[in-house]
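Inside the fold
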Amino acid sequence: GLSVEILTHELNSLNRRLERAMSALPEAARATDAFRNADDARRELVERLRFLSQMQIADGDAKRTITGEDVYDYVRTFFERALTDRSISLEATPEFRQARFSEFPSRIFPVFINLVNNAVYWVGDAPEKRILLAAVDGRLVIGDSGPGIDPDDIPNLFELFFTRRIRGRGVGLYLCRQTLAAGGHTVEYLADGPGRVLSVA
């Protein structure tokens, strides 16, 4: 939470500088497609910062009841542009939407952002680009239509620096597991599921 707060402050300052610099460009430059694309990217960054700011600790993060509907709405809005641009379907079952648990938002939302971000990456070349959030036997399940995980990789999946993603850093799933463990939760890969399936309890 403290790291998010520091980064959000710095990135907001950089955004203000960028906005001032862009607005000072000649009108002819501001009328180009290149300028509009750059400004769209800046606005998308600001939107990401708005979501990250909800995870700051300055306002006193506290446990509250979180529903599956909350999680679904959060990740759908966060990834709205990526889902649209890449024609990816993100769905949640009624059981997922109705799930309820008490937890810190700053603990749960980043985990699901990370897990869905991985799914967005791995469905990129799939014929059917689909991500499904479900609830099965008291566990929240994130599945996608990606290629699945090589059985040889499963034991290393949550190890620090292990990755099969191009330009991946191998820290996301490790941090998800550590973050969830701090709240008494677990995350694991379901080897018998279709595509890539991770479950959280």
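So, here's what we can say about the structure. (Residues numbered from 1 in each chain as written. Predicted model: local features only at pLDDT ≥ 70, side-chain atom pairs only at ≥ 80, totals over all residues. Heavy atoms only, no water.)

**So, the overall build of the protein**
Summing up its helical and strand segments, the protein has 8 helices and 7 strands in all. Across the 201 residues that make up the protein, the buried fraction comes to 36%. Here the contacts in the protein between residues at least 6 apart in sequence split such that 67% fall between residues at least 24 apart. For the protein, the accessible surface area stands at approximately 11,700 Å², while carbon and sulfur atoms represent 52% of it. (Helix = DSSP H or I, 4+ residues; strand = E, 2+ residues; numbered from the N terminus. Buried < 20%, exposed > 50% of the residue type's maximum accessible area, 1.4 Å probe, protein only. Contact = heavy atoms within 4.5 Å. Areas by Shrake-Rupley, 256 points an atom, 1.4 Å probe, with all protein chains shown as cover.)

**Examining the packing of helix α7 (residues 105-122) against helix α8 (residues 172-182)**
When two helices pack together, their arrangement is given by the angle between the helix axes and the distance between those axes. Remark: α7 packs on α8, axes separated minimally by 10 Å, with the N-to-C direction vectors making an angle of 155°. Judged by the angle between their axes, α7 and α8 are roughly antiparallel. For the crossing formed where α7 meets α8, the hand is left-handed. Of α8, the residues touching α7 (which contributes Arg 107, Ile 108, Val 111, Asn 114, Leu 115 and Asn 118) are Gly 172, Leu 173, Cys 176, Thr 179, Leu 180 and Ala 182. (Axes fitted to C-alpha atoms, helices over the stretch in contact; angles between N-to-C directions. Parallel < 35°, antiparallel > 145°, perpendicular 65-115°, else oblique. Left-handed = near helix turned anticlockwise from the far one by under 90°.)

**A word on the pairing of strand β5 (residues 139-144)**
Of all the 6 residues making up β5, 6 are buried; the element is thus mostly covered by neighbouring parts of the structure. What you see with β5 is no split at all: Arg 139, Val 141 and Gly 143 on one side and Leu 140, Ile 142 and Asp 144 on the other are buried throughout. In the sheet, strand β4 (residues 130-136) pairs with β5 via 6 bridges, with the strands oriented antiparallel. In the strand pairing of β5, Val 136 is matched with Arg 139. In this antiparallel pair of consecutive strands, β4 and β5, the connection spans 2 residues, and Asp 137 shows a positive phi of 55°. (Pairing = 2+ DSSP bridges.)

**Brief notes about helix α4 (residues 68-78)**
Buried within α4 we find Gly 68, Val 71, Tyr 72, Tyr 74, Val 75 and Phe 78. The arc enclosing the buried residues of α4, seen along the axis, measures out at 165°, which places them on a common side. (Arc of directions from axis to C-beta.)

**Here we look at α7**
Compared with an ideal rise of 1.5 Å per residue, which puts 18 residues at 26 Å, α7 spans 26 Å between its outermost C-alpha atoms and is within 8% of the ideal. Within α7, burial applies to Pro 105, Arg 107, Ile 108, Phe 109, Val 111, Phe 112, Ile 113, Leu 115, Val 116, Asn 118, Ala 119 and Val 120. (Expected span 1.5 Å × (residues − 1).)

**Focus on unusual backbone geometry**
One non-glycine residue, Ser 87, lies in positive phi territory at about 55°. Take Ser 87: it is sitting in the loop between α5 (80-85) and β2 (89-92).

**So, the pattern of salt bridges**
In this structure the tally under the stated criterion is 10 salt bridges. Residue Asp 39 pairs with Arg 42 through a salt bridge whose shortest N-O separation is 2.9 Å. Here Asp 39 and its partner Arg 42 are both found in helix α3 (residues 33-53), 3 residues apart, which amounts to about one turn of the helix. Under the relative-accessibility criterion, Asp 39 is labelled buried at 13%. (Salt bridge = Lys/Arg side-chain N within 4 Å of Asp/Glu carboxyl O.)

**A closer look at the nonpolar core**
Counting residues in hydrophobic clusters, the biggest one holds 37 residues, and the most contacted among them are Val 71, Val 75, Phe 79, Phe 96, Phe 112, Ile 131 and Leu 133. For this core, the secondary structure elements donating two or more residues are α4, β2, α7, β4, β5, α8 and β6 (187-189). It is α7 that provides the largest number of residues to this core, a total of 9 residues. When residues no more than four places from it in sequence are discounted, the contact partners of Phe 112 are Val 71, Val 75, Phe 96, Leu 140 and Ile 142. (Core = buried A, V, L, I, M, F, W, Y, C linked by side-chain atoms within 4.5 Å.)

**Let's talk about the side chain of His 185**
With respect to the helices and strands, His 185 occurs in the loop between α8 and β6. His 185 sits in the buried class, given a relative accessible area of 19%. A polar side-chain atom of His 185 sits 3.4 Å from the main-chain carbonyl oxygen of Gly 183. Other than its neighbours up to four places away in sequence, His 185 contacts Glu 103, Leu 180 and Ala 201. (Polar contact = N/O pair within 3.5 Å; in protein donor to acceptor, adjacent residues only side chain to side chain.)

Just distances and angles here, no functional claims.
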